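What the coordinates show
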Amino acid sequence: MKAALVGTDGTLLHEARRATGRKRGADAVVETILAFAADLRAHGEEHFGESAVAAGVAVPGIVDAEKGIAVYAANLGWRDVPMRALLGQRLGGIPVALGHDVRTGGLAEGRIGAGRGADRFLFVPLGTGIAGAIGISGRIEAGAHGCAGEIGHIVVRPDGPDCGCGQRGCLETLASASAVTRAWAAASGDPEADAADCAKAVESGDPAAVAVWQDAVDALAAGLVTALTLLDPSTLIIGGGLAEAGETLFTPLRAAVEERVTFQKLPHIVPAALGDTAGCLGAGLLAWDLLSTEVSA
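Just so you know, these numbers come straight off a predicted model, no measurement behind them. (Residues numbered from 1 in each chain as written. Predicted model: local features only at pLDDT ≥ 70, side-chain atom pairs only at ≥ 80, totals over all residues. Heavy atoms only, no water.)

1. Quick word on the side chain of T173
Mapped onto the elements of the fold, T173 is located in helix α4 (residues 172-175). Residue T173 is classed as buried on the basis of its relative accessible area, which comes to 11%. At a separation of 2.7 Å, a polar atom in the side chain of T173 contacts the main-chain carbonyl oxygen of C170. What T173 contacts, discounting residues up to four positions off in sequence, is P161, D162, C163, A179 and R182. (Helix = DSSP H or I, 4+ residues; strand = E, 2+ residues; numbered from the N terminus. Buried < 20%, exposed > 50% of the residue type's maximum accessible area, 1.4 Å probe, protein only. Polar contact = N/O pair within 3.5 Å; in protein donor to acceptor, adjacent residues only side chain to side chain. Contact = heavy atoms within 4.5 Å.)

Okay, structure coming up:
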C-alpha cells in the first residue's frame, strides 16, 4: 500500500508504504488500511502542526463511490466493505472519499501530470491487467455503474486467449505486462523471464523478442483505436510497467495507432508522469474535491 499527505495544490507532503497484510485475510487488510490512515494522520499532526481535514482512499475492484462501499475486489477477498464509514470512524469523523485505484491515478495524471491542460484524455496503465480512466473537464467519468473505462476487456482477437472475465481475446490477455511476460517466457524458454527482459531483448535486436513485442503492440493499438473512436480524447496517457520501456514501446505504438486510424483524429500519445505516486495524489485530490463540494453545498 502507498499513502501520502497531500496539500491543497496536489503537492506530495509526505509518503509512506506498508504491506497489505493480505495473507492474513480480508479483514486484516481492512484493519491495516485503517491503522495506516490513522498513523498518517498522526504524522501530519506531529510534523505539520495540524490534522488532515479529509481523507481519500483508492481501492481495486468494483467501487460504489456514492455509497462509499468497496463492492468487490477479488484479490483482496472483499465484498461490500463500507470503507468510507470505517475510515470516517477511525479518523474522528473527517470526510472520506472513496475511489477506484485506476480512476484516481487517472485523476492525478489529468490534473497535475501528463494530461495537465487536456480537456479530454484517456489514461491507460499497462500492468498486471489493463484498465482505463476517462477524463472529462478535470473529472473522471465513472459511468452509470462505476465500470467506465475498462478498456482491458475490449475483445481485440475473438480467437485469442481465455480471459478471467469470461470472454476470449480481451486486450489485457494480449498486451498487459503479464501477457508479455507469459509470451516472452514461452518464446525464450526461460520461465523466469518477464516483460522488462523482453523489452531489453527488443533493444538488442533479438528477433524472437521483437515478434513478441510487436504482437502485443498491435493488440494494444487495436484496443486503443476502438477507445479513441468512442471517446475522441485529445491526449492518450500510457502508464504502468510496460510504459517504463520508454520509446521501445511508444515509437512502435504511435506508428501502429496511426496506421489504423481513418477518420479519427490522432491524440497525443504520451507516457504517464507521476509513476506509482499517481494513486496517492489522486486520492488526495478526491479528498480536496469532497471538501470543495461540501463548502459549495
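Moving on from the coordinates now.
2. Thoughts on the packing of helix α5 (residues 177-188) against helix α6 (residues 195-203)
At a minimum axis distance of 8 Å, the contact between α5 and α6 shows a crossing angle of 65 degrees. Considered as vectors, α5 and α6 are oriented roughly perpendicular to each other. Here α5 and α6 pass one another in a crossing that is left-handed. Touching A177, V180, T181 and W184 of α5 are A195, D197, C198 and A201, all from α6. Across the contact of α5 with α6, the residue classes break down as six nonpolar, one polar and one charged. (Axes fitted to C-alpha atoms, helices over the stretch in contact; angles between N-to-C directions. Parallel < 35°, antiparallel > 145°, perpendicular 65-115°, else oblique. Left-handed = near helix turned anticlockwise from the far one by under 90°. Nonpolar A, V, L, I, M, F, W, Y, C, P; charged D, E, K, R; others polar.)

3. What to know about helix α1 (residues 26-48)
With 23 residues, α1 extends 33 Å between its outermost C-alpha atoms, agreeing within 8% with the 33 Å of an ideal straight helix rising 1.5 Å per residue. At the exit of α1 stands G49, carrying a positive phi of roughly 75 degrees. (Expected span 1.5 Å × (residues − 1).)

4. A word on unusual backbone geometry
If you check the backbone angles, D80 has positive phi at about 55 degrees while not being a glycine. Here D80 is to be found in strand β6 (residues 78-81). Backbone geometry places S137, a non-glycine residue, at a positive phi of 50 degrees. You can see S137 is positioned in the loop between β9 (133-136) and β10 (139-141).

5. Things to note about the side chain of H100
Within the secondary structure, H100 sits in strand β7 (residues 96-100). Look at H100 and you get buried, because its relative accessible area is 8%. Engagement of the side chain of H100 in a polar contact is seen with the backbone oxygen of G61, the distance being 3.4 Å. Excluding residues within four positions of it along the chain, H100 makes contact with A58, V59, G61, V63 and E150.

6. Concerning the packing of α6 against helix α7 (residues 207-231)
The N-to-C vectors of α6 and α7 enclose an angle of 120 degrees; their axes lie 8 Å apart at closest approach. In terms of their interaxial angle, α6 and α7 are classed as oblique. Once α6 is placed against α7, the crossing between them reads as left-handed. Contacts between α6 and α7 involve A195, C198, A199, A201 and V202 from the former and A209, V210, V212 and W213 from the latter. Here the contact of α6 with α7 is composed, by residue class, of nine nonpolar, no polar and no charged.

7. Digging into the nonpolar core
Counting residues in hydrophobic clusters, the biggest one holds 44 residues, and the most contacted among them are V124, W213, L224, I238, L249, L253 and V257. Those elements that place two or more of their residues in this core are β8 (120-125), α4, α5, α6, α7, β11 (235-239) and α8 (247-260). In terms of residue count, α7 provides more of this core than any other element does, 12 residues in total. Contacts of L249, omitting those with residues within four sequence positions, involve L126, W213, V217, I238, L242 and A243. Counting 19 residues, the second-largest nonpolar core is a separate cluster that includes V57, V59, V81 and L87. (Core = buried A, V, L, I, M, F, W, Y, C linked by side-chain atoms within 4.5 Å.)

8. Focus on the confidence of the model for the protein chain
Looking at the protein chain, pLDDT values average 92 and 98% of them are 70 or higher. Per-element mean pLDDT across the protein chain ranges from 83 in helix α9 (residues 278-296) up to 98 in α8. (pLDDT = per-residue confidence, 0-100.)

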